[in-house]
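What follows is each chain in one-letter form.
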Number of protein chains: 4
Amino acid sequence: MAANTFGEHFRVTTFGESHGPAIGGVIDGCPAGLRLDVAAVQSALDRRRPGQSALTTARKESDRVEFLSGLYEGQTTGTPLAFLLRNEDARPQDYDAMKSAYRPSHADFTYDARYGLRDPRGGGRASARETACRVVAGAVAEQLLAHLPVRITAYVERVAAVALNAPPRLYERTAVDATPVRCPDEDVAAQMNAAILEAARQGDSLGGAVVVVAEGVPAGWGSPVFDKLQAQLAAALWSLPAVKFMEIGSGMDGTFATGSAHNDAFTTDSSGQITTASNRSGGIQGGISNGMPIVIRLGFKPTATIQHPQQSVTPAGEATVLEAKGRHDPCVLPRAVPIVEAMVALTLVDAWLAPPARLDQLRR
Amino acid sequence: MAANTFGEHFRVTTFGESHGPAIGGVIDGCPAGLRLDVAAVQSALDRRRPGQSALTTARKESDRVEFLSGLYEGQTTGTPLAFLLRNEDARPQDYDAMKSAYRPSHADFTYDARYGLRDPRGGGRASARETACRVVAGAVAEQLLAHLPVRITAYVERVAAVALNAPPRLYERTAVDATPVRCPDEDVAAQMNAAILEAARQGDSLGGAVVVVAEGVPAGWGSPVFDKLQAQLAAALWSLPAVKFMEIGSGMDGTFATGSAHNDAFTTDSSGQITTASNRSGGIQGGISNGMPIVIRLGFKPTATIQHPQQSVTPAGEATVLEAKGRHDPCVLPRAVPIVEAMVALTLVDAWLAPPARLDQLRR
Amino acid sequence: MAANTFGEHFRVTTFGESHGPAIGGVIDGCPAGLRLDVAAVQSALDRRRPGQSALTTARKESDRVEFLSGLYEGQTTGTPLAFLLRNEDARPQDYDAMKSAYRPSHADFTYDARYGLRDPRGGGRASARETACRVVAGAVAEQLLAHLPVRITAYVERVAAVALNAPPRLYERTAVDATPVRCPDEDVAAQMNAAILEAARQGDSLGGAVVVVAEGVPAGWGSPVFDKLQAQLAAALWSLPAVKFMEIGSGMDGTFATGSAHNDAFTTDSSGQITTASNRSGGIQGGISNGMPIVIRLGFKPTATIQHPQQSVTPAGEATVLEAKGRHDPCVLPRAVPIVEAMVALTLVDAWLAPPARLDQLRR
Amino acid sequence: MAANTFGEHFRVTTFGESHGPAIGGVIDGCPAGLRLDVAAVQSALDRRRPGQSALTTARKESDRVEFLSGLYEGQTTGTPLAFLLRNEDARPQDYDAMKSAYRPSHADFTYDARYGLRDPRGGGRASARETACRVVAGAVAEQLLAHLPVRITAYVERVAAVALNAPPRLYERTAVDATPVRCPDEDVAAQMNAAILEAARQGDSLGGAVVVVAEGVPAGWGSPVFDKLQAQLAAALWSLPAVKFMEIGSGMDGTFATGSAHNDAFTTDSSGQITTASNRSGGIQGGISNGMPIVIRLGFKPTATIQHPQQSVTPAGEATVLEAKGRHDPCVLPRAVPIVEAMVALTLVDAWLAPPARLDQLRR
């Protein structure tokens, strides 16, 4: 039940309901001596913020992050970094209908099944608003990873059937953020944009796929057997709301290939470093990073909240028709981009902070 | 680094190298009072055992499981269940070539990167032989789940491009085991069989997809936010070797749909129980089970070990050509079936054993 | 490093420095359906608050607790309970001397050794102010335990050489709180009071012993081997600042006895329940509660901060004389009472929330 | 319930009942590259072995340790080290009486209360035989710590009222092992020996105190707040059977002192290193090691199994008289010495393996 903590060494615990007083979190395990760029954390949050464009919910949240501990003269001290985001534009009254009817494909029914009661205001803890705290923590993790540097960028590859037909690669974030839909190809982005607006006009919603690429991860991160790096990434990414599929490296395509066509031959790069000639492994072999880019594709279902009347039942099991109010994104993909990056950053920094695996790496 | 433990409440720790003296594990947290059917555990192992058919490696391992603790007069006592499988048909000499060349798409290079040394005999700990211990633990978990009952069956849905075109459902295990390839449709199974044998004849290998379905999971298992049930299942399943993609419920298809087409309307069943009219959610909403079948598709890449000469490098970075010996499956899918079931069983029993989530469920 | 979380099932994560903006915490795993009495939580905090009497530091902190999440219409929802206490009477300038000299028997030097830097304002995270968050969480835990009921009371048994000569037992909290020193015997309390005031007058400090008793714990809580209930209690209590010894049951005296004199004979009580005729075991046998009162004695050293000039060194290792300012308790014992109770409550509720240990206790 | 694992980074999981087929364990997280001296591990076990002298149980166990995994050409590989000790001299029939009567101050009743059933043969999992596995794991930990070097020695300071009156210090193990009672003073040892033999002659048992000292621990190990180094040590040591009290540094004496007399003044040693002039802190300040010796005293009650007839009850609650058979130590102290050392070693190696606490310590 204590399910609100992510990570083993860089440990993030989040809290807060969508329409309660505040959301926030505690980061425990951040090494001392990081000069934290709070403005950069705020920028990361701004990328996730509602109300950025016509594509996102009309809810207005300034999402100003306040750090409450763990900093002294601008530096991390090794003690917990607590942070808070006050909820501002809460409209609990919008959710009165949800007390008396389960929203289809939402968590209303299952929360009741588990807890016997729930906070019906905007989904409570099940709201995607919870992900803002992941972005804060992920932004701190990124500032650590920047010292290697490890670079992580995600982008929208597909909205419904509108897809960018180009192999995954590390784009610049400026290129990704150039369009509200966060697809780094302007033409495809325009089509995606149109598709989302049309769905919104119809009171409907769309899903799609996000690709995330991490470069600069050294060979040797991750662990065998149950804590394989891909298993840790999967746990991180499948904890996001609305995920329906995940692929790594060659993904589904790779499962149609023969071994002789699929294997990544070893070779050396110009500096004599051992590397692979191809990257169907997606940067991980045997659960451990091999120094190549980590490449993951993640699929999201269409937003569950739509403006259509829907068949449902009351908590007592009586049939009813639900007409949702509330303010919601017609497509979660654009705002999912910084959240996906955050979860990858959190997973990677946790792998980086793992205890030494060799006797000669132990502190003397 | 302590990566060999799975589960929080039903906790399995495994050990052992492919060509060392033994493999085994310790199950901690199994409730007392289970009359353990050791023969049923052995049967589960036999389904995974090498040498079952022409489709699998010629390595001969009887894989007799020995329980060393935690049982008194046939019942579990609540103390750790330790078990052991002695390795019998080890041929470490087959692996001499692997000391001097990294096998493409294997863990040789990454283990060296992490640990500075490795056990080269048959992949050591990175061998798929490790999964036998998962099957033992999973079989114990299944015996617990049988008390509800929860039923779990996996099957091979696709080998390379040869696919069973039928929606996922819970087949009988006898139907699955009726063919060596473990596809419950005889005709498709025959085609799969032929495809694998042809690949083997060419010294090559194939991948594909396994579907797993769990029925009988009550509504209310799993937790919000980071420990969502699908995240736990993902962590479990992505810890298996060779996984390239995973889908839940509507999966990739669902990400092409609109929200109005994708949502699962609530209704009641004949007994008045709240349920959903469709199951695109795959049995989980908001990270918590909703009582519908849990449906997952898992893709495996073609086996990395092939009989073709392959470009590689030595640990010193010199180019070399690797000619693999060793005995390997040309397709991991048939033997993956019991392993996938085991990981699902382990995840579900862990969710079942979670502490009470409501005040009125606390022990008095 | 991620050392700010206590408990496995009822999991408390705390944060905050003595002179930063706030301290607080997150409770994860509290079952849903508890009607939280926030006023009772505040009362618990008030018992720990500085400035209660002449015996405690002059620092003025109202220590008003604010809950930020996890409550809906006054009830816990099973989601994280976050709480905040703003720091009010911070005087960081009092601590300038501590930047340039290590306070003897404080954490200044060791924090520098571990983190390479530290927050020197009032000990930062090492301040006993951190324990306020334990009291909040412990008060929530107590409200759960009250449903059994389990009752926990601590009291000051000894200040320096002034001791209450009576066997440990469960006093009423009103009796304990009747004197500022929190010894339930008025005469002894008066002597303790005088001793502390005299030490304070001399700019010095005193230590002593606290006894804590928990009644109503059913037989069967705790686990064998590494997680014995006494080991969990020890981990909890030894995490408090200034602890120098701990005894359970017969304690040190018991180690002078023979087995025939020390064993607790089994018998039955008036209701036919199995119990023991004596309680030298202190309520725990084999790491598991036996239904008798849990009895622990805990010794605290004299407060390290004194008003005497003390020999010390600068971080550069140069000899210096430290003249402490700051506001401190001349004796931590009176305020330790609610903190000790809190740690016992947190440990016991965690034991209560443990997953079921028997097949027939599993949820159906 | 999953209570059989110790440590977070150097993680030991043990299993096995006193009169089952075997006991053993799995060490996960041991860094790669340790040339394991298996003979030294066996020597450590031999120090704990029953039947060493007239002071210990007559049970004959050769306690030969067999390592099953994690080693390649004599070196650890970073994968789990599993080990096994077969039980040889099991006499389950000696324990028939225990099925029908609870042994006073044993775990029979509480195991029944928790699990609803138990393995009555020799205490099953509650037997002190379980500690043999701690010694194996501790011996591996010691071999890691020897690289600093950290040195740990325990000794018997007191048996009942026969005490060594000398301040705790690090003795040579040869001096400790020179007498069967493991007190480094020959005269005192002889008195202890006589006292134990006399108690045995009377069918009775004695308790006492063990001191353990660890030298060479660098400043900076351990963590603030809940994971203080003394809290970790307390959790480790209080998980041993029969512990009744624990003191650190000045211990109980220190709680009678004034702050001005108790504080450890900082100074520098001959090499300019910051150190303290006294060691009342016992090597730990603010939960973090300060470079001084860690000094702990641990008290053990008299062995619960005695040869006197004792009042007890049957599981049904009927009064009965128990006449114990079985073979038991009249005093656990001499054999506790290597076990205490093992738990300290396991705790310290876990602290050593903690993730880096500073940005500049992260692996590049």
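Scroll up to find the structure this text is about.
Starting from 1, residues in each chain are numbered consecutively following that chain's sequence as written. Following the order in which they are written, the chains are lettered starting with A and the ligands numbered starting with 1. Only residues with pLDDT of 70 or above have their local features reported here, since the model is predicted, and side-chain atom pairs are shown and tallied only from 80 upward, although totals for entire chains, interfaces and linings are computed over all residues. As a convention, hydrogens and water are excluded, and side-chain values are obtained from all of the structure's heavy atoms.

(A) View of the pattern of salt bridges. In the sections that follow, a salt bridge refers to a side-chain nitrogen of Lys or Arg positioned within 4 Å of a carboxyl oxygen of Asp or Glu. Under the defined criterion, the tally for this structure stands at 80 salt bridges over all chains. A salt bridge links A:Arg86 to C:Glu66; its shortest N-O distance comes to 3.2 Å. A residue pair is termed interchain when its members come from two chains, as with A:Arg86 in strand S7 (residues 81–86) and C:Glu66 in strand S4 (residues 66–67). A:Arg86 gets classed as partly exposed once you look at its relative accessible area, which sits at 32%. For every residue, the accessible area obtained with a 1.4 Å probe (protein chains only) is divided by the maximum for its type, and the residue is called buried under 20%, exposed over 50%, and partly exposed between those limits. In this structure C:Glu66 comes out as partly exposed when scored by relative accessible area, which is 31%. We note a salt bridge from D:Arg297 to D:Glu157, for which the minimum N-O separation is 2.7 Å. Here D:Arg297 is found in strand S16 (residues 294–300), whereas its partner D:Glu157 is found in strand S8 (residues 151–159), with 140 residues between them in sequence. Secondary structure elements follow DSSP: runs of H or I of four or more residues count as helices, runs of E of two or more count as strands, with numbering from the N terminus.

(B) Focus on the nonpolar core. Take the buried Ala, Val, Leu, Ile, Met, Phe, Trp, Tyr and Cys residues and link them wherever side-chain atoms come within 4.5 Å; each set so joined is a nonpolar core. Counting residues in each nonpolar core, the largest one holds 181 residues, and the members touching the most others are C:Phe10, C:Leu348, D:Phe10 and D:Leu348. A:Val156, A:Ala236, A:Trp238 and B:Ala141 belong to the second largest nonpolar core, which has 180 residues in total.

(C) Structural view of helix H1 (residues 38–48) of chain C. Every buried residue belonging to H1(C) is among C:Val41, C:Gln42, C:Ala44, C:Leu45, C:Arg47 and C:Arg48, and all of these are buried. Under this definition, polar contacts are N or O atom pairs within 3.5 Å; protein pairs additionally need one hydrogen-donor-capable and one acceptor-capable atom, and for neighbouring residues in sequence, both atoms have to be side-chain atoms. Between the side-chain oxygen of the N-cap and the backbone nitrogen of C:Ala39 there are 3.2 Å, and the N-cap of H1(C) in question is C:Asp37.

(D) Fine view of the relation of the copies chain C and chain B. For this overlay, a least-squares fit was computed on C-alpha atoms, restricted to residues scoring pLDDT of at least 70 in both copies. When chain C is fitted to chain B, the best match, at an RMSD of 0.0 Å, comes from turning it 180 degrees and sliding it 0.0 Å along the axis. When the rotation and shift are considered jointly, the pair of chain copies conforms to a two-fold rotation axis. In terms of proximity to the rotation axis, the leading residue of chain C is C:Pro355, whose C-alpha is 2.3 Å off the axis. Contacts: residue pairs with any heavy atoms within 4.5 Å of one another. Comparing interface residues between copies, 100% of those in chain C also sit at the interface in chain B, which points to an isologous, same-surface contact.

(E) Structural detail: the relation of the copies chain A and chain B. Superposing chain A onto chain B requires a rotation of 180 degrees together with a translation of 0.0 Å along the rotation axis, leaving an RMSD of 0.0 Å. The overlap is high: 100% of the interface residues of chain A also sit at the interface in chain B, so the same surface is used on both sides.

(F) Spotlight on the pairing of strand S17 (residues 310–313) of chain C. Residues and elements named next belong to chain C. Two elements, S17 and strand S18 (residues 319–322), share four bridges in a ladder whose sense is antiparallel. If you follow Gln311 over to S18, its bridge partner there is Val321. Strand pairing requires that DSSP identify at least two bridges connecting the strands. Here S17 hands over to S18 after five residues, with Gly317 in that stretch at a positive phi of 90 degrees.

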